[in-house]
Amino acid sequence: MVVVTIALVTVPPVAVAAEPGGVTNGNAASTQRRSQVDAAVQAVMKKWQIPGVILGVWQQGQPPIVKAYGARNVDLAAAKRGKPMKTDFYMRIGSETKTFTATAVLQLVEEGKVGLEDPISKYVKGVPNGNAITVRELGEMRSGLLSYSANEEWALKYFGNPHMSWKPTELLPYSFGSPALFAPGTQFNYSNTNTILLGLLVENVSGEPLHTYIEKRILKPLGMTHTSFPTGAEFPRPHAQGYTTQTLNGKEAITTNWNPSWGWAAGAMISDLHDLRIWAKSVATGSLLTPATQRQRERFIPAPGLEPARYGFALFDDKGWVGHNGSLPGYESLTIYSPSQRATMVILLNSDIAPPAGDLTTLVGKAITRVITPHNVFYFKPGAQSKPAH
């Protein structure tokens, strides 16, 4: 396994920019709440040297908090911040892509074209033990298939040339060549391989490329015009620069133009704060699915390594916060919705240089929910997404 050495950049104090035309509330309690959120975010940024954060909090009975903190780019040589982060930036969302792929699968289930208890071999050929692994077990991360991104040979090739393009079928051998981690359905292990197979299922059943299906059947109906599924390294502007120490030499690098095709159905998508606010509620409440299908998605089960969160069909529930997070070199995201409190929180940031105590969006999310929902603090253990070489 590639050893990743974390090297942090020392940067000046965090700058804060409110959304132009944002809601202003003179109420003392609301003002205090906003100040506490600002302080919470900036404390985590300072401690872990996060260049920039985009935040959206919408909670029933409270004015929204939509703000950008810090910088979109950093001069690594001079350790100086560049231009400020803004709330309308496009950002890479990593493993949140899984929630879109899974929604596509569940739509096909509703149409009677796919069965959750069907073996994946019915839809995708050549999967080891494919006659025993069900579609449901792939979505729930219980297949036993190793994540290709945890394969050392793959990691060396990827980090040796992070600009190269990958086809889904080129990723799978790095998983299929390794022994199964456990018998299907007996344990939980978060694996990008599972979602790649679900993406291939969608293509094989629908007859459309996955990115086309998601655009037509998910993004367009919801009016998510700032969300895309790139087929290469394309990245709409404006966007923030991404920073990582997931490199062969452990030195910090800019990842903005790295090709995310290695993540494909499991992690290649791009979105922004506005669209993820729409998606947070939609995916948590099942607006594109029938209630019966959404209940299948919400069969949350224990997920060792993610406690106290439980995992459903490409969706987690952490003490009532329902959604998913994402991480790939240089970018992290968190999109969650609390049905009981009618609250939405979206966090986007331009670094994945995470401490051993947890990924960065989890730490920011924990700090914010201590303020906005003190009796329902969001936090799960590290390991919620399979980063390369982890």
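What you see is a predicted model, and the numbers here were worked out from it, not measured in a lab.

**Concerning the overall build of the protein chain**
Point 1. Scanning the protein chain from N- to C-terminus turns up 12 helices and 15 strands.
Point 2. When the 390 residues of the protein chain are sorted by exposure, 59% land in the buried category.
Point 3. Within the protein chain, contacts between residues at least 6 apart in sequence are counted, and of these 70% link residues at least 24 apart.
Point 4. Taken as a whole, the protein chain presents about 14,800 Å² of accessible surface, with 53% of it coming from carbon and sulfur.

**Things to note about the packing of aromatic side chains**
Point 1. In this structure the tally under the stated criterion is 14 aromatic pairs.
Point 2. Measuring from ring centre to ring centre gives 5.8 Å for Phe235 and Tyr331, while their planes differ by 70°; the resulting arrangement is edge-to-face. In this pair, Phe235 is assigned in the loop between α8 (210–222) and β7 (243–244) and Tyr331 in strand β14 (residues 331–338), connecting sequence segments 96 residues apart.
Point 3. The rings of Tyr148, Trp154, Tyr158, Phe159, Trp166, Tyr174, Trp258 and Trp262 are connected pair by pair, giving a single aromatic cluster.
Point 4. Positioned over the ring face of Phe235 is Arg92, at 4.1 Å from the centre of the ring.
Point 5. Directly above the ring of Tyr379 sits Lys366, whose terminal nitrogen or CZ lies 4.5 Å from the centroid.

**Topic: the side chain of Asp318**
Point 1. Structurally, Asp318 can be placed in strand β12 (residues 316–318).
Point 2. Among the polar contacts listed, one links the side chain of Asp318 to the side chain of Lys319, at a separation of 2.6 Å.
Point 3. Within the structure, the side chain of Asp318 is placed 3.5 Å from the backbone nitrogen of Tyr379, a separation counted as a polar contact.
Point 4. The residues touching Asp318, leaving out its near neighbours within four places in the chain, are Pro308, Ala309, Asn376, Val377, Phe378, Tyr379 and Phe380.

**A closer look at helix α2 (residues 97–110)**
Point 1. Between its first and last C-alpha, α2 extends 20 Å over 14 residues, near the 20 Å set by a 1.5 Å rise per residue.
Point 2. Counted residue by residue, α2 has 13 buried out of 14 residues, so it is predominantly covered.
Point 3. One or two positions beyond α2, positive phi appears at Gly112, with a value near 80°.

**Structural notes on the packing of α2 against α8**
Helix-helix packing is characterised by the crossing angle of the two axes and by the distance between the axes.
Point 1. In the contact formed by α2 and α8, the axes pass within 10 Å of each other and the chain directions differ by 75°. Taken as axis vectors, α2 and α8 run roughly perpendicular relative to one another. Facing α2, whose interface residues are Phe100, Thr101, Thr103, Ala104, Gln107 and Leu108, α8 presents Leu210, Tyr213, Ile214, Arg217, Ile218 and Leu219.
Point 2. Among the residues forming the contact of α2 with α8, the class breakdown is 8 nonpolar, 3 polar and 1 charged.

**A short note on the confidence of the model for the protein chain**
Point 1. Residues of the protein chain with pLDDT of at least 70 account for 89%, and the chain-wide mean is 90.
Point 2. When the criterion is pLDDT under 50, residues 1–16 qualifies, and its contacts beyond four places in sequence or with other chains add up to 51 contacts.

**Comments concerning the pattern of salt bridges**
Point 1. Within the structure shown, the criterion is met by 10 salt bridges.
Point 2. Among the salt bridges present, the one from Glu117 reaches Arg136, with a minimum N-O distance of 2.5 Å. In this pair, Glu117 is assigned in the loop between α2 and α3 (135–139) and Arg136 in helix α3, connecting sequence segments 19 residues apart.
Point 3. Owing to a relative accessible area of 6%, Arg136 belongs among the buried residues under this scheme.
Point 4. Where Lys319 meets Asp318, a salt bridge forms, and the shortest distance between an N and an O atom there is 2.6 Å.
Point 5. Under the relative-accessibility criterion, Lys319 is labelled partly exposed at 39%.
Point 6. One network of salt bridges, in which partners are shared, links Glu117, Arg136, Glu140 and Arg142.

**Digging into the pairing of strand β3 (residues 65–70)**
Point 1. Burial analysis of β3 places 6 of its 6 residues in the buried class, which makes it a mostly covered element.
Point 2. Sheet analysis places strand β2 (residues 52–59) next to β3, joined by 6 bridges and oriented antiparallel. The residue of β3 that forms the bridge with Leu55 is Lys67.
Point 3. Where β2 folds back on β3, the antiparallel hairpin that results is connected by 5 residues, among which Gly61 adopts a positive phi of roughly 85°.

**Details of the pairing of β14**
Point 1. In terms of burial, β14 is a largely internal element, 8 of the 8 residues being buried.
Point 2. Along β14, one buried face is formed by Tyr331, Ser333, Thr335 and Tyr337 and the opposite face, lined by Glu332, Leu334, Ile336 and Ser338, is buried too.
Point 3. Sheet topology places strand β13 (residues 321–328) next to β14; 7 bridges connect them, and they run antiparallel. Following the sheet pairing, Gly326 is matched in β14 by Ser333.
Point 4. Once β13 ends, the chain turns through 2 residues before running back antiparallel as β14, passing Gly330 with a positive phi of about 100°.
Point 5. Both β14 and strand β15 (residues 343–349) contribute to a ladder of 7 bridges, which runs antiparallel. Across the sheet, the residue bridging to Ser338 is Ala343, located in β15.

**Regarding the nonpolar core**
Point 1. Formed by 112 residues in total, the largest nonpolar core has its most connected members in Leu55, Leu201 and Ile368.
Point 2. Top element by residues in this core is α2. It accounts for 7 residues.
Point 3. Among all residues touching Leu55, those that are not within four sequence positions of it are Val37, Val41, Ile65, Val66, Lys67, Tyr69, Leu273, Met345, Val346, Ile347 and Ile368.

Thresholds, definitions, all that
Residues numbered from 1 in each chain as written. Predicted model: local features only at pLDDT ≥ 70, side-chain atom pairs only at ≥ 80, totals over all residues. Heavy atoms only, no water. Helix = DSSP H or I, 4+ residues; strand = E, 2+ residues; numbered from the N terminus. Buried < 20%, exposed > 50% of the residue type's maximum accessible area, 1.4 Å probe, protein only. Contact = heavy atoms within 4.5 Å. Areas by Shrake-Rupley, 256 points an atom, 1.4 Å probe, with all protein chains shown as cover. Phe/Tyr/Trp six-rings, centres within 6.5 Å; stacked < 30°, edge-to-face > 60°. Lys NZ or Arg CZ within 6 Å of the ring centre and 35° of its normal. Polar contact = N/O pair within 3.5 Å; in protein donor to acceptor, adjacent residues only side chain to side chain. Expected span 1.5 Å × (residues − 1). Axes fitted to C-alpha atoms, helices over the stretch in contact; angles between N-to-C directions. Parallel < 35°, antiparallel > 145°, perpendicular 65-115°, else oblique. Nonpolar A, V, L, I, M, F, W, Y, C, P; charged D, E, K, R; others polar. pLDDT = per-residue confidence, 0-100. Salt bridge = Lys/Arg side-chain N within 4 Å of Asp/Glu carboxyl O. Pairing = 2+ DSSP bridges. Core = buried A, V, L, I, M, F, W, Y, C linked by side-chain atoms within 4.5 Å.

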